Every structure is written in structure tokens, then in C-alpha cells.
Amino acid sequence: MESTIYPEASLVRSDLAGAVSARQACAEPSTPARPARIMIVDDITLNVKVAKAHLSAAGYSDFVSLTDPSQAIPTIERDHPDILLLDLMMPEVSGLDILEQISSTATYGKLPVLVLTGSDSRELRQQALKLGAFDFLTKPVDPEELVVRVGNALKLKNHQDELEREVQKRTA
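It should be emphasised that the depicted structure is a prediction, and the values quoted were computed from it without experimental measurement.

Draft legend 1. The pairing of strand 1 (residues 37-41), seen in detail. Of all 5 residues making up strand 1, 5 are buried, and the element is well covered by its neighbours. With burial as the criterion, each face of strand 1 is covered, one bearing Arg-37, Met-39 and Val-41 and the other bearing Ile-38 and Ile-40. As paired elements, strand 1 and strand 2 (residues 62-66) share 5 bridges and run parallel to each other. By the bridge assignment for strand 2, Arg-37 is matched with Asp-62. Crossover strand 1 to strand 2 through helix 2 (residues 45-57) is right-handed. Two strands pair when backbone bridges link them, and strand 1 and strand 3 (residues 83-87) are joined in this way by 4 bridges, in the parallel orientation. What sits directly across from Val-41, in strand 3, is Leu-86.

Draft legend 2. View of unusual backbone geometry. Residue Pro-140 is reached from Lys-139 by a cis peptide bond, and omega for that bond is -10 degrees. Examined against the element boundaries, Pro-140 turns out to sit in the loop between strand 5 (135-138) and helix 6 (143-171). Despite not being glycine, His-80 has its phi angle at roughly 50 degrees, a positive value. For His-80, the location among the structural elements is in the loop between helix 3 (72-79) and strand 3. The phi angle at Glu-92 is positive, at roughly 70 degrees, despite the residue not being glycine. Among the secondary structure elements, Glu-92 is positioned in the loop between strand 3 and helix 4 (95-103).

Draft legend 3. Representation of the environment of Lys-52 in the model. Looking at the element boundaries, Lys-52 is found in helix 2. It is 9.8 Å that separates the C-alpha atoms of Lys-52 and Asp-62, two residues lying 10 residues apart in sequence.

Calculation criteria
Residues numbered from 1 in each chain as written. Predicted model: local features only at pLDDT ≥ 70, side-chain atom pairs only at ≥ 80, totals over all residues. Heavy atoms only, no water. Buried < 20%, exposed > 50% of the residue type's maximum accessible area, 1.4 Å probe, protein only. Helix = DSSP H or I, 4+ residues; strand = E, 2+ residues; numbered from the N terminus. Pairing = 2+ DSSP bridges. Right-handed = clockwise from strand over helix to strand, strands pointing away.

If you want it as C-alpha cells, here you go:
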């Protein structure tokens, strides 16, 4: 269990205005069928709530949140998120275990994973990157940076999805 906990929720409100302006600079990729679905996995409920509050203030609306990391893979399979915000240091099932399962699955191996961690361990970061982590944010997260990094990851995923659809269309 990580020792770093986000500031009290009442302190978050002052940062939300900055997150909204950062969000405006980074438009949410979406498909005509649905907006981007963001999955958040952290064993500390307050961390999930704060990340969700920052992203909600920035205009994101479709969330899947878990505090039980053992349910991450079944939830990914059921809900098909567009991005995963993942804590690394969790009891029973670590974020690294989840990353390893994701990267070994062809269907979800391309899911962008943004790691939110209180650890500054270089070895841990390298291991997560080798397992397919897209990016890192250190807790407590800066709301503007969170919004921009999520937006960037979703833009890249959206472009990759479009290219794959085009290839399938041309080779069908």
C-alpha cells in the first residue's frame, strides 16, 4: 500500500480551474459511438476520487473505477477502456502484475497505461516501461499535467485505432 495519499478533497477544488484550461488545450478524442472511457485502478479510494474529479472537471465523463486490483483484468475485458490509470503499489495484485497481464494479451496489449505512483524508484519505473506503461505521474498528481497526459495518450490511441481501421478496410 502506498504511503502517499492525495490532499484532502476540499483542497482539490482550487486546482480544478487550472485543469479545465489544460483540458481545453487538449481535446478529448472520442468516437461517434461514445466518449473516451477512462479506467482508474488504485487501492486507495481517495486517490480514485481525486483523479476522477480532476478529469471530470476537464470534461471527461465515462469512468470505470476500481479499488480492488484483482478485478482489473476482468473489468478491462468487460468494459473496454480507452486508457488505464494504474497505481503500482497495491496489495495482493500489484500494478506490475496487471501490466504484465495486459501486455501479454493481444487484445489489450495496445491499451495505453498511465502509471500514477508515489514511488520514485528508478528500477520500478524501468520495469513498468518494459511491461508497456505509456507514461508516469507522481502522486500527488498535478491536475493540469494529468489532464494533458491523459489527453495525449487518448489522441495517440485514437490515431492508432484509425490507422488499424483503415488497414483492415483496405485489406478486406
